[in-house]
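Residue strings, one per chain:
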Amino acid sequence: MGRRCVIRAAVIIGMVCLAAGCEREKTDDGNNLPGTVTVSPNMDEKDNGNHEAISSPNGYTEYQESPVWQEGVAKGELQVAEKRLPKQEDVMELSLPQIGVYGGEAQFAAVNADTVTRELVSEGLFCYAADGTVAPNIAKAYRVNSDFTEYTIYLREGMRWSDGVLFTSDDCIFFYEKLCLPEVFGEALWSCFISKDASGRTEKAVFTKLDRYSFRINFSSSKPEFLSELLAQGGICFAPEHYFVNLLPEYMGEDAAAAKAKDMGYTDTDMMLKETVSNAWNTPGVPTLNPFCISTEEGKGDVRGSSYEFVRNPYYWKTDEAGKQLPYLDKLVFTRISGETQKMLLTTEGYLTVSALHGEQVGEARSMTDRGNYRLITWQNFSDYAVKNGLKNFPEGCPYEARVRGIGAAHVEGWYME
């Protein structure tokens, strides 16, 4: 597989050097637990905008997709890329240093999957741009009033969850009203959704649906820090309504929800909701908007096991400048390790595509680059790395996660060959 890379940032951190309408039709078919609601995806293309061949300013006339998805299309298991991507003008096109090649996998090692996998695959409603400002991501645009009490969010028309169901403003309002406000997944209401007036009195935000692809968030007092606080929480302001109506006692009833939790291998409803909401990207079967989904194949989707995999999302909504649907990679493969000693061994023996090491391990890593066939990249801190990679205005004061996500926008989301 080419040369591996090992990268340091204050401590060492890895960046990848790789090849890089459904309408919600709710039915009860009589075969479900009492009170459950199922969704039958309606793939009528009128729900997904214009699906004709496109003529792009960059010169391509149609989208390209992974050979894996081409095979699925040929078998009738999947629609062509034009019908899986958002409306043409709402597809997010990334400008990458070079056009990548489809295929291959990346090998990683991690003690636990909680934060490592989130930093690699998780997408937020917004993200940090290269200059450190907040930029639309899953959202295509936003508008704020003059006193920062009203935020209007516009979504990408025709974007779909990884199971093919349309992503709409209902999913954002559902997340806030049915998961956050009642604190059903074990977390207090996030501070980003609470405003405080001059006297110290606090009020919760109010979400209002405007139409299928836009909604409004109102605060009783000025909340200029809303977007940065939301990003600090990971940028998540959505959940697949069609999935969670099959888990929440409010919809199913307490007994049916408890039975569902047991069937999914959880001790109780509270644990089921905590994992499927707070740890959604690591939970098989939860629809996602991320470039990769945790595998549902037996033995490959348990992040508590010795190894697990993330596979490409067929409905991912970003392309490169040539019209190639991202990501390029087929999968991300993780080996669960006991600690840094084991990671160091896997790194220097060349088993990992990307590795993150502590500062004191740099010397050993550098001395064994030929043996492990990897490349070592070092820098003193995140700001230094940002400057070297064109992120010249990335703010020194940004928290750790913000810096990682900002750098990741260029180096992780596209998964390109450096």
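The structure presented is a predicted model; accordingly, all values stated were derived computationally and were not measured. (Residues numbered from 1 in each chain as written. Predicted model: local features only at pLDDT ≥ 70, side-chain atom pairs only at ≥ 80, totals over all residues. Heavy atoms only, no water.)

### Quick word on the overall build of the chain
- The number of helices and strands found in the chain is 14 helices and 19 strands.
- Accessible surface, the chain: about 18,100 Å² in total, of which carbon and sulfur atoms supply 48%. (Helix = DSSP H or I, 4+ residues; strand = E, 2+ residues; numbered from the N terminus. Areas by Shrake-Rupley, 256 points an atom, 1.4 Å probe, with all protein chains shown as cover.)

### Side note on the environment of M344
- Locating M344 in the fold gives a position in helix α10 (residues 340-348).
- M344 sits in the buried class, given a relative accessible area of 5%.
- For the pair M344 and S355, spaced 11 residues apart in sequence, the C-alpha to C-alpha distance is 8.4 Å.
- Those residues in contact with M344, other than ones at most four positions away along the chain, are L357, Q361, E364 and A365. (Buried < 20%, exposed > 50% of the residue type's maximum accessible area, 1.4 Å probe, protein only. Contact = heavy atoms within 4.5 Å.)

### As for the pattern of salt bridges
- Applying the stated criterion across every chain, the model contains 18 salt bridges.
- R312 is the partner of D330 in a salt bridge, and the nearest nitrogen-oxygen pair spans 2.9 Å. Highlighted residues: D330 in the loop between β16 (318-319) and β17 (331-336) and R312 in strand β15 (residues 307-312), separated in sequence by 18 residues.
- In this structure, E340 engages K343 in a salt bridge whose closest nitrogen and oxygen atoms are separated by 3.8 Å. Within this pair, E340 and its partner K343 are both found in helix α10, separated by three residues, close to a single helical turn.
- Of the residues examined, E340 reaches a relative accessible area of 27% and is grouped as partly exposed.
- By sharing partners, the salt bridges in this structure join K87, E89 and E157 into a single network. (Salt bridge = Lys/Arg side-chain N within 4 Å of Asp/Glu carboxyl O.)

### Regarding the side chain of T149
- As for its position among the elements, T149 is in the loop between β8 (139-144) and β9 (150-155).
- When its relative accessible area of 15% is taken as the criterion, T149 is described as buried.
- At 2.9 Å, the side chain of T149 forms a polar contact with the side chain of N145.
- Here the side chain of T149 touches D147 through a polar contact of 2.7 Å, side chain to side chain.
- With residues near it in sequence (within four places) discarded, T149 still touches I217, N218, F219, S221 and S222. (Polar contact = N/O pair within 3.5 Å; in protein donor to acceptor, adjacent residues only side chain to side chain.)

### A word on the packing of aromatic side chains
- Tallied over the full model, the rule gives 23 aromatic pairs.
- What links up through ring pairs into an aromatic cluster is the set Y151, F175, Y176, F185, W190, F193, F207, F215, F219 and F226.
- One residue, K324, lies across the ring of Y102, its end atom 4.7 Å from the ring centre. (Phe/Tyr/Trp six-rings, centres within 6.5 Å; stacked < 30°, edge-to-face > 60°. Lys NZ or Arg CZ within 6 Å of the ring centre and 35° of its normal.)

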